[in-house]
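What follows is each chain in one-letter form.
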Amino acid sequence: MQNNIHSSDSDFLSALSVLLAANLESEKNIQLALKKLGEHEKADRIHIIDIKHDMSFSISHEWLREGMTSIQNNMSQNIFLLDKKLAKQLDEDNYIYIKNIDDVADPSIKNILKATHVRCALLLPLFISSHLLSFLSLSRVDCKDEWQEEDIRFLIQVASVFSGALEKELILSKLVKHHTLYQDFIENKIDFILRLDRKLHINYSNKRFYSLFGKNPESVLGCKFTELIPALIPYTQDIEDLQDNQELVLSINTPLKKGEETLWMKWHIYSIRLEKNSVELHIIGHDISEYYKEFELFKSELR
């Protein structure tokens, strides 16, 4: 089902995608994107919260409305816990909306919100492979204007754009640090890298992807990508539409059968214009199975 987004929101999403897709000054662009989002949503604080495997958390990025006090360096010793009500909301809706901090049962979260003078907050999951879980958090001191369902649907798409940008930044930082291992990284360390033609046929695959289907690249070259990954068939039109827009990155989570095992994959798909009438689709796939399983275990333990 297509989400109905106002034209102003659609324009904002497109501009945000362009900003975060830029390869230069990516850290500066992330901060600028948070500022634009804060102004667009009339938020007082925006944070990207990273939760580690020991359930401690830190704030990797922060934007504040003028006059607000930073909390970025004061969170490293806190443990991220959700009461049953918030855990249930995260499980069912895939986001957390705290409309009033007085309704929060867990004292640790309530105390943090009170210390920052926040009255309401919206937390949207980000899947970044370096952490168990991350959230894009928007909060307000004054909650007269609630986030409506349509607003949240739009912000879920915003969170997806941030996920792609942060994951790309993680990959690029690894490449810079380990330049001498670049070829090995491409072929064997990064999960899947592919290039597709206009008809979604594979014209390049790294070893980790084609090894799922055979012993050499010919096992997948010329095959239609969505036929190899049936879970992506419902997104065929969305993927094809990227060919006319080099400014967007499509991020999709799907299962992938590997023999008797089921992997959980996060795909980042975007298009590159090679010549005037030549477009190529590039795909980066990450195996998020371990994070997905731990996240599911985390949610089950909170129930």
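Counting starts from 1 at the beginning of each chain's written sequence and moves along it residue by residue. Totals for whole chains, interfaces and linings use every residue, but because this is a predicted model, local features are given only for residues with pLDDT of at least 70 and side-chain atom pairs only at 80 or more, for both listing and counting. Think of the side-chain values as coming from all heavy atoms in the structure, minus any hydrogens and water.

Describing the overall build of the protein chain
Now for step 1: Numbering of helices and strands runs from the N terminus, with a helix taken as a DSSP run of H or I at least four residues long and a strand as a DSSP run of E at least two residues long. The helix and strand inventory of the protein chain stands at ten helices and ten strands.
Now for step 2: The buried label goes to any residue with under 20% of its type's maximum accessible area, the exposed label to any with over 50%, and the partly exposed label to all in between, with areas taken from a 1.4 Å probe on protein chains only. Put simply, the protein chain has 303 residues, and 46% of those count as buried.
Now for step 3: Contacts were defined at the residue level, with two residues in contact if any of their heavy atoms lie within 4.5 Å. Excluding contacts between residues fewer than 6 apart, the proportion of contacts in the protein chain whose partners are at least 24 apart in sequence is 50%.
Now for step 4: Here, Shrake-Rupley sampling with a 1.4 Å probe gives the accessible areas, and only protein chains in the shown set may cover a residue. A total of about 16000 Å² of accessible surface is found on the protein chain, and carbon and sulfur atoms cover 51% of it.

Concerning the sheet that holds strand β2 (residues 57–64)
Now for step 1: Pairing between strands requires that DSSP locate at least two bridges from one strand to the other. Spatial strand order, β2-β1-β5-β4-β3: five strands in an open sheet with antiparallel pairing. Strands at the two margins of the open sheet, each flanked by one partner only, are β2 and β3 (96–98). Shown here is a sheet whose adjacent strand axes are inclined to one another by a mean of 15°, direction ignored. As a rule, the C-alpha atoms of each element are fitted with a line to give its axis, helices using only the stretch in contact, and angles between N-to-C directions run from 0 to 180 degrees.

A closer look at the packing of aromatic side chains
Now for step 1: Two rings belonging to Phe, Tyr or Trp (six-membered ring only in the last case) form a pair when the distance between their centres is within 6.5 Å. Interplanar angles under 30 degrees mark stacking, angles over 60 mark edge-to-face geometry, and anything in between is tilted. The full count for this structure, using the stated rule, is seven aromatic pairs.
Now for step 2: Ring centres of Tyr97 and Trp147 lie 5.9 Å apart, and the angle between their planes is 65°; this geometry places the pair in the edge-to-face category. With Tyr97 in strand β3 and Trp147 in the loop between β5 (133–140) and α5 (149–177), the pair connects residues that are 50 residues apart, well separated along the chain. Each member of the pair Tyr97 and Trp147 is classed as buried.
Now for step 3: Relative to Phe209, the ring of Phe192 lies with its centre 5.3 Å away and its plane at 80°, an arrangement referred to as edge-to-face. Of this pair, Phe192 sits in strand β6 (residues 192–196) while Phe209 sits in helix α7 (residues 207–210), placing them 17 residues apart in sequence.
Now for step 4: Given the relative accessible area of 5%, Phe192 is considered buried.
Now for step 5: Note that Arg140 overlies the ring of Trp147, its terminal NZ or CZ placed 3.9 Å from the centroid. Here, a charge over a ring means that NZ of Lys or CZ of Arg falls within 6 Å of the ring centre while also lying within 35 degrees of the ring normal.

Brief notes about unusual backbone geometry
Now for step 1: Positive phi outside glycine occurs at Lys42, with the angle close to 55°.
Now for step 2: Looking at the element boundaries, Lys42 is found in the loop between α2 (26–41) and β1 (45–51).
Now for step 3: Residue classification places Lys42 among the exposed residues on the basis of a relative accessible area of 65%.
Now for step 4: Notably, Asn94 is not glycine yet its phi reads approximately 65°, a positive angle.
Now for step 5: Mapped onto the elements, Asn94 comes out in the loop between α3 (84–93) and β3.
Now for step 6: With a relative accessible area of 39%, Asn94 lands in the partly exposed category.

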